[in-house]
Each structure stands twice: as C-alpha cells, then as structure tokens.
Amino acid sequence: SLGIHLFDLTTGQDRPFLHRGRHVYGRDPRWSPDGTAFALIEFAEGRRVAIYGLRDSSLRVAVPSTQDEIRTLQWVSPAVFGRLQLAFRRVTGPDFASYLVDPDGSHLQRLAYNVLWSFFSPVRPELLTGGWSGPDSLGVVWVDWITKDGIVWGRRLTKWLPPP
C-alpha cells in the first residue's frame, strides 16, 4: 500500500502507519530522539511538517500547510539551544531559507538565506550549509555559528579547490 510504513527489523513485519484509519503520505520521516514519535514532511493540502506520536496516535502540526516546497527535515538536540526543535528548509517561494521551530509550532525562526541544504550539529549551535559562491556559481560549504536568538553571527567558508 501507499503511504508511510513501519518495518519491524526483527520480525520482518511491515505495517502501514494509519492515523485515525487513514494512510499518512509524506517524505523524510525522522524518528524523535526518544523514539516515541516521528516527524515528516507531510503531503496535506500542500506541504506541512507534522509529528505523529506512536503511543497515543497524536498529531501535532509544527509548520502549517504551505504551497512552498519543504525539505531537509532534522531534529535539533536540546544540547544546541536548550530545547528540542526541528530544522527544515523552504526551497521555493519568497521564504526560501532555513528555519527552526519548536515541535508545538512555536518559536519559528528564519536562519539562513540562499542555501541548497543545511544540517545542524548534534552538540553545538553550528549549521552546516551548502550554496552558491557568488559570480562563479560553484557549490561551496559554510559553517554558520548561530546565537540563542537564532542570529547567524559568523560564517567560515571551507576551502574549495578545482579538480586536478
């Protein structure tokens, strides 16, 4: 069947994940750090970031439906900013950027602009990002340092060398 499935690796059992009797459709499912829920980019009247609880079949919407394309979903450890958060990117529309949001949908913060991808460090307020390098349009990688207020305060360009 279509939709998200849960696979038991010890028994080989495959079962579709249903919420209130309906299949859940989306991509990039990510287990919560405690394994009691998963977040995903859900296809629901556009795209939204949803969190499904496995014990109580709960649904929380961290980012409401939008027509913008959402990618690169990641849980951000409490070790980074003192509370569990989700990071994601909007890759189309006027809000093209990386974002942080609390699982309950509060504290939405825009972080970086014009990035192709981004991933948080599991232990420090650093965001690894990839994007373009100005006039030559070559892909480059940065490490951005982020304050507790979500402000990017420094950027270090990694060394890029052309192929030999």
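Overview of the structure. (Residues numbered from 1 in each chain as written. Predicted model: local features only at pLDDT ≥ 70, side-chain atom pairs only at ≥ 80, totals over all residues. Heavy atoms only, no water.)

### Points about the overall build of the protein chain
Within the protein chain one finds one helix and 16 strands. Across the 164 residues that make up the protein chain, the buried fraction comes to 41%. Sequence separation of 24 or more characterises 26% of the internal contacts of the protein chain that already satisfy a separation of 6 or more. For the protein chain, the exposed surface amounts to about 9,600 Å²; the carbon and sulfur share of it is 55%. (Helix = DSSP H or I, 4+ residues; strand = E, 2+ residues; numbered from the N terminus. Buried < 20%, exposed > 50% of the residue type's maximum accessible area, 1.4 Å probe, protein only. Contact = heavy atoms within 4.5 Å. Areas by Shrake-Rupley, 256 points an atom, 1.4 Å probe, with all protein chains shown as cover.)

### Quick look at the nonpolar core
Residues V49, I51, A62, V63, L73, L86 and F88 are the most contacted members of the largest nonpolar core, which totals 15 residues. For this core, the secondary structure elements donating two or more residues are β6 (37-43), β7 (47-53), β8 (59-66), β9 (70-76), β10 (85-90) and β11 (97-101). (Core = buried A, V, L, I, M, F, W, Y, C linked by side-chain atoms within 4.5 Å.)

### Overview of the pattern of salt bridges
Scanning all chains against the criterion turns up six salt bridges. Taking the shortest distance from any N to any O, the salt bridge between D28 and R27 comes out at 3.6 Å. Note on D28: relative accessible area 22%, which makes it partly exposed. Several salt bridges share partner residues, and in doing so they unite R27, D28, R47, E69 and R71 into one network. (Salt bridge = Lys/Arg side-chain N within 4 Å of Asp/Glu carboxyl O.)

### As for the sheet that holds β8
Taken in spatial order, the four strands of this open sheet run β5-β6-β7-β8, and their pairing is antiparallel. Looking at strand neighbours, the two that pair on one side only are β5 (26-31) and β8, the edges of this open sheet. For this sheet the average axis-to-axis angle between neighbouring strands, irrespective of direction, equals 15°. In the sheet, β7 pairs with β8 via five bridges, with the strands oriented antiparallel. By the bridge assignment, I51 is partnered in β8 with R60. (Pairing = 2+ DSSP bridges. Axes fitted to C-alpha atoms, helices over the stretch in contact; angles between N-to-C directions.)

### Examining a nonpolar patch on the surface
A surface patch of nonpolar side chains, about 310 Å² in accessible area, is lined by L2, Y25 and F43. By secondary structure assignment, the location of L2 is in the segment before β1 (5-7). (Patch = residues over 30% accessible without salt bridge, like charges linked within 9 Å, V, L, I, M, F, W, Y side chains within 5 Å.)

### Brief notes about unusual backbone geometry
A negative phi holds for most residues other than glycine; trans holds for most peptide bonds. In the Ramachandran plot, D28 falls in the positive-phi region, its phi being about 55° despite a non-glycine side chain. Its location among the elements puts D28 in strand β5. Its identity as a non-glycine residue notwithstanding, H107 has a phi of 60°, on the positive side. Assignment of secondary structure puts H107 in the loop between β11 and β12 (109-113).

### Considering the environment of V91
On the secondary structure map, V91 appears in the loop between β10 and β11. Here the alpha-carbon distance between V91 and E69, two residues 22 residues apart in the chain, equals 5.5 Å. Setting aside residues no more than four positions away along its own chain, V91 makes contact with E69, R71 and F96.

### Describing the environment of L59
By secondary structure assignment, the location of L59 is in strand β8. Among residues more than four places away in sequence, those in contact with L59 are H19, R48, A50, I51 and Y52.

### A word on the side chain of Q85
Along the chain, Q85 turns up in strand β10. The contacts of Q85, once residues within four sequence positions are left out, are Q74, W75, V76, L100, V101, D102, P103 and Q109.

### A closer look at the pairing of β10
Of all six residues that make up β10, six are buried, and the element is covered over most of its length. Here β10 shows no split at all, with Q85, A87 and R89 on one side and L86, F88 and R90 on the other all buried. Pairing of β9 with β10, which is carried by five bridges, proceeds in the antiparallel orientation. Each residue of the ladder has a partner; that of R71, found in β10, is R89. From the end of β10 to the start of β11, which pair antiparallel, there are six residues, and G93 there has a positive phi angle of about 80°.

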